[in-house]
Each structure stands twice: as structure tokens, then as C-alpha cells.
Amino acid sequence: GDSVTQTEGLVTVTEGLPVKLNCTYQTTYLTIAFFWYVQYLNEAPQVLLKSSTDNKRTEHQGFHATLHKSSSSFHLQKSSAQLSDSALYYCALRENTGYQNFYFGKGTSLTVIP
Amino acid sequence: GPKVLQIPSHQIIDMGQMVTLNCDPVSNHLYFYWYKQILGQQMEFLVNFYNGKVMEKSKLFKDQFSVERPDGSYFTLKIQPTALEDSAVYFCASSPDWGGSYEQYFGPGTRLTVL
């Protein structure tokens, strides 16, 4: 079955510095889409970015990610982290099958410090 | 944007009792999901539901768990009987018919405390 790997459980970065959250995946089906979700404290996860096009950069709220099917990756990056970016980030993929399964990584907790 | 509602927001219950968590998904969505998040931990998939059937479930979806959506009403997660380890926040999510890069929309969660 499909799986999503987020190698870092905890990431701490200083405000103003760049941040990169890693996401790699494994799929046996024709996966239709990839997502980054963000979950702020005591809130529901919400989609931050999504992509289904290989090698195309997607941007939102200062974050960007590029799907690279050749390396099975969809890393999330930001050039200048803000204190308000502190949250839990999930990478996810959605299968193109009748089951419509979403596979989430274990999540990366990002803490931005002054 | 589209909203998923969950009722109640908090539920406290004694171990061994039954509890039903209610989810009001986005009106035109067809796929429904439950996730479990223990305090301070990552969110974990429980079950995927479509056209009145469980499509896939994880090992966390114990025999004491059941889901249904009778006649287009609430999508419910029932736990009978509850156990202490069921204490968590349960998120409901829904997504439209397949095709395109549709994401899941999550509700605000129900915090379940089993005493």
C-alpha cells in the first residue's frame, strides 16, 4: 500500500531563517494528488498546499513545494520562517482509486523561536 | 470555504459506556473519514466510508467501533463499550467525488474523555 514518510518529528528554527520539512512517499497506485496540511494548536488540520503536477512549484502563504516524482518527494519550504508558522505539518497523498484513501505522514512539529 | 461540523465538541464518559460522535460533512461530499489524535501525538487514520460502506479501516478501528450515515444524516462514529485508551480528539473529514486534486475538509474535532 501507499505510505508517506516525514523524517523529522520536531523541527526548531529561528525566526527569519529558512525552513524545510521533508516528505517522501511510496505508492503502488496512480496517485492523484499530494498535500501539505497544517494544524495549529487546538484546531483542525487545514490544507496548506496541494499539487498533482510533476516538477511544478506550488506556493501559498509564503510556503512552497514541488512534486518530484523522480525522487518521490514533496518537500515543504519557506525562505523566512515566522513565529506564526509554529504548528504541526502533515504531508499527505490521495489515491486515484475507488477507495479515495488519503495517506498521512506522522507529522512534523515546527517551532519557530525568536 | 466548505465546513464540516462535529457535535459535540467535548464529551466526557465513563469507561464501558457507549458514545456516539456526530459529524455533519460538507453537503455534496461523498467520502467520509474518521481520524484519532491522542494529545500531543500525530493524527492517525481510523476509517474511510463511502456509499454506505466501510472502504478501509486501520488497526486502530477496533471491533468496538462502528460507523454509519443513515439516510444522509450525520456521519457517526460509535464506540461501544468505551475504554480508557479511547480518550483522544476525533476528527471527521469529508471529500468530494473522486477526480481532480480534491482535498479533505476537516471538522474541528470532538474531544472525548473516558474516565
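Residues numbered from 1 in each chain as written. Chains lettered and ligands numbered in written order. Predicted model: local features only at pLDDT ≥ 70, side-chain atom pairs only at ≥ 80, totals over all residues. Heavy atoms only, no water.

Caption draft 1: Quick look at the packing of aromatic side chains. All chains considered together, the criterion is met by 19 aromatic pairs over all chains. The interplanar angle of 90° and the centroid separation of 5.5 Å between the aromatic rings of A:Phe102 and B:Tyr33 together place this pair among those described as edge-to-face. Of this pair, A:Phe102 sits in strand 11 (residues 102-104) while B:Tyr33 sits in strand 4 (residues 31-37), which puts the two residues in different chains. Taken individually, A:Phe102 and B:Tyr33 each receive the classification buried, so the pair is uniform in this respect. (Phe/Tyr/Trp six-rings, centres within 6.5 Å; stacked < 30°, edge-to-face > 60°. Helix = DSSP H or I, 4+ residues; strand = E, 2+ residues; numbered from the N terminus. Buried < 20%, exposed > 50% of the residue type's maximum accessible area, 1.4 Å probe, protein only.)

Caption draft 2: Layout of the side chain of A:Gln39. Among the secondary structure elements, A:Gln39 is positioned in strand 5 (residues 31-39). At a separation of 2.9 Å, a polar atom in the side chain of A:Gln39 contacts the side chain of B:Gln37. The residues touching A:Gln39, leaving out its near neighbours within four places in the chain, are A:Ala44, A:Pro45, A:Ala87, A:Leu88, A:Tyr90, B:Gln37 and B:Phe91. (Polar contact = N/O pair within 3.5 Å; in protein donor to acceptor, adjacent residues only side chain to side chain. Contact = heavy atoms within 4.5 Å.)

Caption draft 3: Local environment of the sheet that holds strand 8 (residues 63-66) of chain A. Residue and element names in this part refer to chain A. With respect to topology, four strands assemble into an open sheet ordered 3-9-8-7, the strand pairing being antiparallel. Because the sheet does not close on itself, it has two edges, and the strands there are strand 3 (19-21) and strand 7 (57-60). The average angle at which neighbouring strand axes cross in this sheet is 20°, direction not considered. Strand direction decides the pairing type here: strand 3 and strand 9 (residues 76-78), joined by three bridges, are antiparallel. Residue pairing across strands places Lys-20 opposite Gln-77, the latter belonging to strand 9. (Pairing = 2+ DSSP bridges. Axes fitted to C-alpha atoms, helices over the stretch in contact; angles between N-to-C directions.)

Caption draft 4: Looking closely at the nonpolar core. The biggest cluster of nonpolar side chains holds 25 residues, and the ones touching the most others in it are A:Trp36, A:Leu48, A:Leu76 and A:Tyr89. Of all the secondary-structure elements, those providing two or more residues to this core are strand 2 (10-14), strand 3, strand 5, strand 6 (46-51), strand 8, strand 10 (87-95) and strand 12 (108-113) of chain A. Here this core gets four residues from one element, more than from any other, and that element is strand 10 of chain A. Excluding anything up to four places from it in sequence, A:Leu76 contacts A:Val19, A:Lys20, A:Leu21, A:Trp36, A:Leu48, A:Leu49, A:Phe63, A:His64, A:Ala65 and A:Tyr89. Core analysis: the second largest hydrophobic core is formed by 22 residues, B:Val26, B:Val47, B:Val67 and B:Ala88 among them. (Core = buried A, V, L, I, M, F, W, Y, C linked by side-chain atoms within 4.5 Å.)

Caption draft 5: Geometry of unusual backbone geometry. Between B:Ile7 and B:Pro8 the backbone carries a cis peptide bond, its omega angle lying at -5°. Checked against the element boundaries, B:Pro8 lands in the loop between strand 1 (5-7) and strand 2 (10-13). Positioned with a positive phi, A:Asn42 is a non-glycine residue whose angle comes to about 65°. For A:Asn42, the location among the structural elements is in the loop between strand 5 and strand 6. On the basis of relative accessibility, which here comes to 65%, the residue A:Asn42 falls in the exposed class.

Caption draft 6: Broad picture of the interface of chain B and chain A. Counting residues at the interface gives 25 residues for chain B, matched by 25 residues for chain A. In this assembly, chain B packs against chain A so that about 2,000 Å² is buried in total across both faces, 53% of it on carbon and sulfur atoms. Along the contact surface separating chain B from chain A lie one salt bridge. For A:Lys50, the salt bridge identified is with B:Glu103, shortest N-O distance 2.8 Å. Among the elements of the structure, strand 4, strand 5 (43-50), strand 6 (53-57) and strand 9 (88-95) of chain B are those that each provide at least two residues to the side of chain B that touches chain A. Sorting elements by how many residues they give to the side of chain B that touches chain A places strand 4 of chain B first, with four residues. Looking at side-chain class alone, the side of chain B that touches chain A contains eleven nonpolar, ten polar and four charged residues. (Buried area = accessible area lost by both parts, 1.4 Å probe. Salt bridge = Lys/Arg side-chain N within 4 Å of Asp/Glu carboxyl O. Nonpolar A, V, L, I, M, F, W, Y, C, P; charged D, E, K, R; others polar.)

Caption draft 7: How the structure looks around the pattern of salt bridges. Residue and element names in this part refer to chain B. The tally for this structure, following the rule as stated, stands at four salt bridges over all chains. Here Lys-62 ties to Asp-86 by a salt bridge, and the two come within 2.9 Å at their closest N and O atoms. On the criterion of sequence distance, the pair formed by Lys-62 in the loop between strand 6 and strand 7 (65-68) and Asp-86 in the loop between strand 8 (75-79) and strand 9 is long-range, its members being 24 residues apart. Since its relative accessible area comes to 25%, Lys-62 is described here as partly exposed. On the accessibility criterion, Asp-86 (1% relative accessible area) is buried.

Caption draft 8: Quick look at the pairing of strand 3 (residues 19-24) of chain B. All names here are of chain B. Judged from the three bridges that link them, strand 1 and strand 3 form a sheet pairing that is antiparallel. Pairing of Leu-5 across the sheet is with Asp-24, part of strand 3. As paired strands, strand 3 and strand 8 are joined by five bridges and run antiparallel to one another. Within strand 8, the position partnered with Leu-21 by the bridge is Leu-77.

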